[in-house]
Amino acid sequence: MVNLIIDGVNVQAEEGSTILEVAKFYGINIPTLCHHDELTPYGACRLCTVEVDDGRRTRLVASCLYPVREGIKVKTHSESVMKGRKLILELLIARCPNSKTLQDLASQMGLEQVRFKMENEDCILCGLCVRMCAEQMGSGAIGFVGRGQKREVVTPFHMASEICRNCGACMYVCPVVDLQCRGVKSPGELCNSCLVITPQCLGKYDQVMCTLESCGACVEKERKIV
Amino acid sequence: MRMKKIRTPQELNSLRNSLLKQIDPNKPCVRVCLGTGCRARGSADIMTSFKDEIERQGLEIQVSCKQTGCHGFCERGPVIVIGPKEIFYQKVKLTDVPEIVSKTLLNGEAVDRLLYTDPTGQKALYEHEVPFYKKQTRLVLANNGRIDPTNILDYIAIGGYQALAKATATMSCEEIIDTIEKSGLRGRGGGGFPTGRKWRSCREARGDVKFVIGNGDEGDPGAFSDRSLMEANPHSILEGMVIGAYAIGANQGYLYVRAEYPLALKHLQTAIDQAREYGFLGNNIFNSGFDFDIKINQGGGAFVCGESSALMASIEGMMGEPRAKYIHTVERGLWNKPTNLNNVKTWANVPLIISNGVNWFAKIGTEKSKGTGIFSLVGKVNNTGLVEIQMGTPLKTIIYDIGGGITKGKRFKAVQTGGPSGGCIPEELLDLTVDFEKLTEAGSMMGSGGMIVLDEDTCMVDVARYFLDFLQNESCGKCVPCREGTKRMLEIVTKITRGQAGEKELELLQDLARTVKGFSLCGLGQTAPNTVLSTLRYFRDEYNAHIKDKKCPAGICRDLITYTILEDKCTGCGACLKLCPQQAIDAYGLIHTIDPAKCVRCGICRDACPFQAIAVK
Amino acid sequence: MVENASEYSKVDEIIKDHSYEKSALIMILHEIENLYGYLPAWALKHASEKLNVPMIQVYGVASFYDAFHLTPRGKHLIRVCLGTACYLRGSARVLEAVEKELGIKDGETTSDRKFSLQSVHCVGACALSPVMVVGERYFDKITPTKVRSALKAGAG
């Protein structure tokens, strides 16, 4: 067993476990996007970043991958960590505004404004679908292709896969595809007020409403694409 | 084809002695640089010409010619050196060959016009007199211009593989690692991690199968020190790797070389084949019972593969995506086995340290940065080329004494070091002595040795934009801060260069820089904001000019400058009008004017004007 | 490009030369690219089978690295260096000039498949900057006005 301190609390953990696993066990909620308990950790979204003081230096690490070590002091919600998580989420929402999961995270973190030019992607490249298909479904029909801005999750040659069994596991595990917002439909439905930089409901209510229950205020606003 | 392998230090010595006996130290020999730079200027033809000329005149007994790798003074290529006096000729043309043969090789006379002349008119006859070389301390690069890289016998003649013999015959693995540790050698790939400590961790890691890797990926644009070393002295790298593998307990090595370096690949493969022939690679090296061999892996063209975990993924046949290194690669690297990765320059230092001893190395350099540093000195400097200096040499010495100062008599503005991961060092820090710590303190880093000199005509905001653009393109795309963060940083810096940004964007830029630096998965993302941060630190006024005044003081950012034709200089020759792709130039009689509405500031007119009559504001 | 038995056997030879090692994938792709000027889909599928490497991994590797191309390229490859030293000496304008001259953008191939244009970051000849390489031929200190003649000389 390894002894360490998380958020000021002395805890014990089995050797080989990650900070994220230990934090979860002790009820400390570290936000994640690319993590799933049944899949190998990936460390790509960086939301789970925490501060670790290992006695020699303090640095920021991905808690989903960092193995616990004797005597480390971990801070899961320090100011620098919170600031960074918020900006990472802002970057993600700028890319995929129509995601309930991201919007929920945003309201948790108090993110109210996206300062970047908005895009309209469907994928945050978390790789959960890729790992799900390979590790849990034993297929490996989809994967990452391309580098940097051109990175995407596709099938070989962008063509219909010969090995995909249409099991739907990839969609099941996707944090973005779930509850897609498809534009103004009728009052009460999830709207695309997220495409407007400042959610309209913040003046009226003290949090972004469409993550809970649509207030309908944005239905009257003209859709502005920046 | 050699039948018997070299199995003992005595056999190596007797081979060396017999080779030395065959060499007449007084026989004139012309050594032609066949490094990539000089080759691009036709030195291969010059080499052939020398060979032919010597044959034609039947002079093989009196004189000889030899091909070598990069001599380092690339600005003046094609370069040749004529032994034994070491007469240095630069900018040699094919047509000069017969004269060199008759005058210099046969009669020992210099061909004046081929000598290096400094700006004051002083000529240098011998290589060591050339200012570019005078203040250098060439240890790792010492033999670059002396040996034929395709002939192992040249390497053996100058003492090659003696260090390997010494290590395997007289030192224990522990002693070897101890020596490297005490010498203070630090990684020359950029990180500057203590090499001995890395070796020790790998040796102590659990596992029977271990690997060593030589990183020759050199992705930094503007850096070519690895290339030169691999082309010119491949055996020095191999020897280092064998010694290291022996000490660590690895039986397989890999050399990862960029595909963009075909000559380096060729020479390394030749060297490996020859080393195998002579028994320096393979089974039972020097009768020690130690087996070791090296394979070459080519890169596929991705800067990120210079990062150790991405490089290993690449060797494993996958995309070059880095992974978290909370468990170091010395414990779990290639195929999850303990792996020791070092830059090729680091490996090349090893035989020197083993041969000459700890104290010899520790005397060179500064307290925390021992030995020499190798830098590709390029940009707006007169003597561009490859420089090796003692750690602790002032930047000023490198740029002015060795580099010969700024081209066209312009003013120095900054020197960019460490490649895209580094930063810019301004004029007020020119006295800075070059070592790992000092460069990092100044907001830059040693990196792989790129040293790019910038003059007054450089826009520092544009430089930041350039590097961000490069890193954006090279990002593997795996982690959010790097992929999305550098994209948004580039958007903002581009807006700044277009005069479309305000203070708010600058704040956002700094927020992004902090997050990308702290939260990225690997070194690429973690250092991506460095150029922005260092230019903001030292050249804030230029950013302010772009943001507040919507002006580019250096006259580079196209949206913020105008071209005007100076009436007093324009002769009405019309050269500009003919070439303008936007038809933005009008002529009223002899007077030519540029229509600012049509002009895109492409610069073609400025190039064409023989009177420098087009000014930038 | 018609795939027939002899083309498959060429690819087989390459893979055999590398002892069917999965880790040699990148080198194998280099050789296929050298042979055909790009990576044909059938060759990638064949490599995936012979090496027993998942198709998605082969495709991923083919898409990740700059050296590999999934569409046919031109007869003459033009590389304009945008490395730092070359960029500072104005190579971006050289790239523009080539784009204009050939009517294609960076990364594209002319419709007659004569030229492919690729900007690269550093060919390691920084003292010769700005550098443009056409095929195997280096043109040093290249300027926008010299582009046309260099292209003719390189292709000729």
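K.L.:
Just checking my understanding: could you explain the overall build of chain A for this structure?
P.N.:
For chain A, the count of helices and strands is six helices and seven strands. Taking all 226 residues of chain A together, 40% fall into the buried category. Counting only contacts in chain A whose residues sit at least 6 apart along the sequence, the fraction spanning at least 24 positions is 56%.

K.L.:
Would you mind showing me how to read the overall build of chain C here?
P.N.:
In terms of regular secondary structure, chain C is built from seven helices and four strands. Starting at the N terminus and ending at the C terminus, chain C contains elements arranged as α-α-α-α-β-α-α-β-β-β-α. Projected onto its principal axes, the C-alpha coordinates of chain C cover approximately 50 × 30 × 25 Å. Put simply, 59% of the contacts in chain C that link residues at least 6 apart link residues at least 24 apart.

K.L.:
Can you walk me through the interface of chain C and chain B in this structure?
P.N.:
Residue-level contacts link 37 residues of chain C with 43 residues of chain B. Where the side of chain C that touches chain B is concerned, the elements lending two or more residues are helix H2 (25-36), helix H4 (55-64), helix H5 (84-88) and helix H6 (91-102) of chain C. Among the residues making up the side of chain C that touches chain B, the classes are represented as 21 nonpolar, 10 polar and six charged.

K.L.:
I keep staring at the interface of chain A and chain B and nothing clicks. Help me out?
P.N.:
Accessible area lost on assembly of the parts is the figure often given for the size of an interface. Tallying the contact residues gives 27 residues for chain A and 28 residues for chain B. Where the side of chain A that touches chain B is concerned, the elements lending two or more residues are strand E4 (58-62) and helix H2 (79-95) of chain A. It is H2 of chain A that contributes the most residues to the side of chain A that touches chain B, seven residues altogether. Looking at side-chain class alone, the side of chain A that touches chain B contains 15 nonpolar, six polar and six charged residues.

K.L.:
Got a minute to help me understand the sheet that holds strand E1 (residues 2-6) of chain A in this structure?
P.N.:
Through backbone hydrogen bonds, the strands of a sheet pair up, either in parallel or in antiparallel fashion. All names here are of chain A. Taking strand neighbours across the sheet as the criterion, the five strands line up as E2-E1-E5-E3-E4 in an open arrangement whose pairing is mixed. Looking at which strands have only one partner, the edges of the open sheet turn out to be strand E2 (9-13) and E4. Taken pair by pair, the neighbouring strands of this sheet meet at an average axis angle of 35°, ignoring direction. Contacting strand E3 (49-53) and strand E5 (73-75), H2 runs over the sheet at an angle of about 155° to E3.

K.L.:
Sorry if this is basic, but what is going on with the domain arrangement of chain C here?
P.N.:
Segmenting chain C into domains produces domain 1 (5-64) and domain 2 (76-155). Distance from the C-alpha centre of domain 1 of chain C to the C-alpha centre of domain 2 of chain C: 29 Å.

K.L.:
Just to check I follow, could you spell out the confidence of the model for chain C for this structure?
P.N.:
It should be kept in mind that the predicted coordinates are not to be read in detail where pLDDT is low. Residues and elements named next belong to chain C. Taken as a whole, chain C shows an average pLDDT of 90; of its residues, 98% reach a score of 70 or greater. The spread of mean pLDDT over the elements of chain C runs between strand E4 (residues 137-139), the lowest at 87, and H4, the highest at 96. Here the prediction assigns the complex a pTM of 0.91, and the interface score ipTM is 0.92.

K.L.:
What is the right way to read the pairing of strand E14 (residues 423-426) of chain B from this model?
P.N.:
Note on strand geometry: in a regular strand, side chains alternate between the two faces of the sheet. Examined bridge by bridge, strand E13 (residues 412-417) of chain B and E14 of chain B share four bridges and lie antiparallel to one another. Opposite glutamine 416 of chain B, over in E14 of chain B, you have cysteine 424 of chain B as the bridge partner.

K.L.:
Explain the environment of glycine 392 of chain B here, please?
P.N.:
All names here are of chain B. Position of glycine 392 relative to the elements: it lies in the loop between strand E12 (385-390) and helix H16 (395-402). Spatially, the C-alpha atoms of glycine 392 and phenylalanine 224 are 21 Å apart, while their sequence positions differ by 168 residues. If near-sequence neighbours (up to four positions away) are discounted, glycine 392 is found in contact with Gly365, Thr366, Thr433, Val434 and Asp435.

K.L.:
How should I be thinking about the nonpolar core in this particular structure?
P.N.:
Considering soluble globular proteins, one finds that nonpolar side chains tend to be buried as a cluster. If you look at the biggest cluster of nonpolar residues, it comprises 284 residues, and the most contacted ones within it are Val242, Ile243, Ile398, Met489 and Val493 of chain B together with Val131 and Met132 of chain C. The contact partners of valine 493 of chain B, leaving out residues within four places of it in the chain, are Val461, Ala464, Arg465, Leu468, Leu509 and Val532 of chain B. Judged by nonpolar contacts, the second largest core, of 11 residues, contains Cys576, Ile594, Cys602 and Cys609 of chain B.

K.L.:
For this particular structure, what's the right way to read the sheet that holds E4 of chain C?
P.N.:
Residues and elements named next belong to chain C. If you walk across this open sheet you meet the four strands as E2-E1-E3-E4, and the pairing is mixed. Because the sheet does not close on itself, it has two edges, and the strands there are strand E2 (115-120) and E4. The sheet shows a mean angle of 20° between the axes of neighbouring strands, direction not considered. Both strand E1 (residues 76-81) and strand E3 (residues 132-134) contribute to a ladder of three bridges, which runs antiparallel. Pairing of isoleucine 78 across the sheet is with valine 134, part of E3. Here H6 sits on the sheet in contact with E1, E2 and E3, set at roughly 150° to E1. Most of the contacts of helix H7 (residues 147-155) go to E3, to which it runs at about 35°, and overall it touches E1, E3 and E4.

K.L.:
Quick question: what am I supposed to make of the domain arrangement of chain A here?
P.N.:
Splitting chain A by domain gives domain 1 (2-77), domain 2 (82-120 + 179-220) and domain 3 (128-173). Taken residue by residue, the interface counts five residues in domain 1 of chain A and five residues in domain 2 of chain A.

The rules behind the values
Residues numbered from 1 in each chain as written. Chains lettered and ligands numbered in written order. Predicted model: local features only at pLDDT ≥ 70, side-chain atom pairs only at ≥ 80, totals over all residues. Helix = DSSP H or I, 4+ residues; strand = E, 2+ residues; numbered from the N terminus. Buried ≥ 20, exposed ≤ 12 C-beta atoms within 10 Å, placed from the backbone. Contact = placed C-beta atoms within 7 Å. Nonpolar A, V, L, I, M, F, W, Y, C, P; charged D, E, K, R; others polar. Pairing = 2+ DSSP bridges. Axes fitted to C-alpha atoms, helices over the stretch in contact; angles between N-to-C directions. Domains from an automatic or database assignment. pLDDT = per-residue confidence, 0-100. Core = buried A, V, L, I, M, F, W, Y, C linked by C-beta atoms within 7 Å.

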